[in-house]
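# Close look at the chain arrangement
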Amino acid sequence: MAQGHYRLSLIMASILLVSVAAGALVGSWKPIADVNSPHVREIGKFAVEANNKLAATKKLKFQSVIKGETQVVAGKNYRLTLTAKIGGVSKKYKAVVWEKLDDTKQLTSFQPL
């Protein structure tokens with residue numbers, strides 16, 4: 001019985017090590033390779049538009065995503081550094097968007113840098 005428990009523990013530890021080596025752990029942030037992909041740009045644009053709805057005095061216009069990371073959760077979190085214009089001035093912002101399993105999106109944070 002103890003030997004069977006030892007084998008199970010060894011198998012579980014091996015799976016964990018392989019997952020860590022592959023960067024596949026749920027909850028870890030991974031860099032986005034192509035921040036200019038249409039989907040990442042869509043997420044960035046959503047973040048700016050959602051922020052505009054929440055902050056009625058701001059009328060930001062999305063420009064680009066500078067860098068980003070994703071995190072696997074129940075869906076996927078996108079943590080983006082992006083630029084947006086207010087008036088004629090470009091500014092940087094940090095946004096987090098949760099893309100749910102049903103493909104709906106929710107802005108969870110939006111802050112100037």
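A quick note: this is a predicted structure, and the numbers were derived from the prediction, not measured.

## Here we look at the side chain of T81
The topology assignment puts T81 in strand β3 (residues 75-86). Residue T81 is classed as buried on the basis of its relative accessible area of 6%. A polar atom in the side chain of T81 sits 3.4 Å from the side chain of K94. With residues up to four places along the chain from it excluded, the contact list for T81 reads V65, I66, K67, Y93, K94 and L113.

## Remarks on the sheet that holds strand β2 (residues 61-73)
Strand order across the open sheet formed by five strands is β1-β2-β3-β4-β5, with antiparallel pairing between neighbours. Taken across any chain shown, the strands that pair with only one partner, and hence form the sheet edges, are β1 (29-31) and β5 (105-112). Adjacent strand axes in the sheet meet at a mean angle of 30° when their direction is disregarded. Pairing geometry for β1 and β2, over three bridges, is antiparallel. For K30, the partnering residue across the bridge sits in β2 and is T70. In the packing of helix α2 (residues 38-54) onto the sheet, contacts are made with β2, β3, β4 (89-100) and β5, and the angle to β5 comes to roughly 75°.

## Section: the environment of G27
Tracing the backbone shows G27 in the loop between α1 (2-22) and β1. A relative accessible area of 32% means that G27 is categorised as partly exposed. For the pair G27 and Q71, spaced 44 residues apart in sequence, the C-alpha to C-alpha distance is 5.6 Å. Residues within four places of G27 in sequence aside, it is in contact with Q71 and V72.

## Remarks on the pattern of salt bridges
Enumeration according to the criterion identifies two salt bridges in this entry. Between E42 and K105 there is a salt bridge whose closest N-O contact spans 3.0 Å. Of the two residues, E42 is situated in helix α2 and K105 in strand β5; the sequence distance between them amounts to 63 residues. With a relative accessible area of 23%, K105 lands in the partly exposed category. As a salt-bridge pair, E69 and R79 come within 2.7 Å of each other at their nearest N and O atoms. Taken together, the residues E69 in strand β2 and R79 in strand β3 connect sequence positions 10 residues apart. Assessed through its relative accessible area of 26%, E69 is described here as partly exposed.

Criteria and cut-off values
Residues numbered from 1 in each chain as written. Predicted model: local features only at pLDDT ≥ 70, side-chain atom pairs only at ≥ 80, totals over all residues. Heavy atoms only, no water. Helix = DSSP H or I, 4+ residues; strand = E, 2+ residues; numbered from the N terminus. Buried < 20%, exposed > 50% of the residue type's maximum accessible area, 1.4 Å probe, protein only. Polar contact = N/O pair within 3.5 Å; in protein donor to acceptor, adjacent residues only side chain to side chain. Contact = heavy atoms within 4.5 Å. Pairing = 2+ DSSP bridges. Axes fitted to C-alpha atoms, helices over the stretch in contact; angles between N-to-C directions. Salt bridge = Lys/Arg side-chain N within 4 Å of Asp/Glu carboxyl O.

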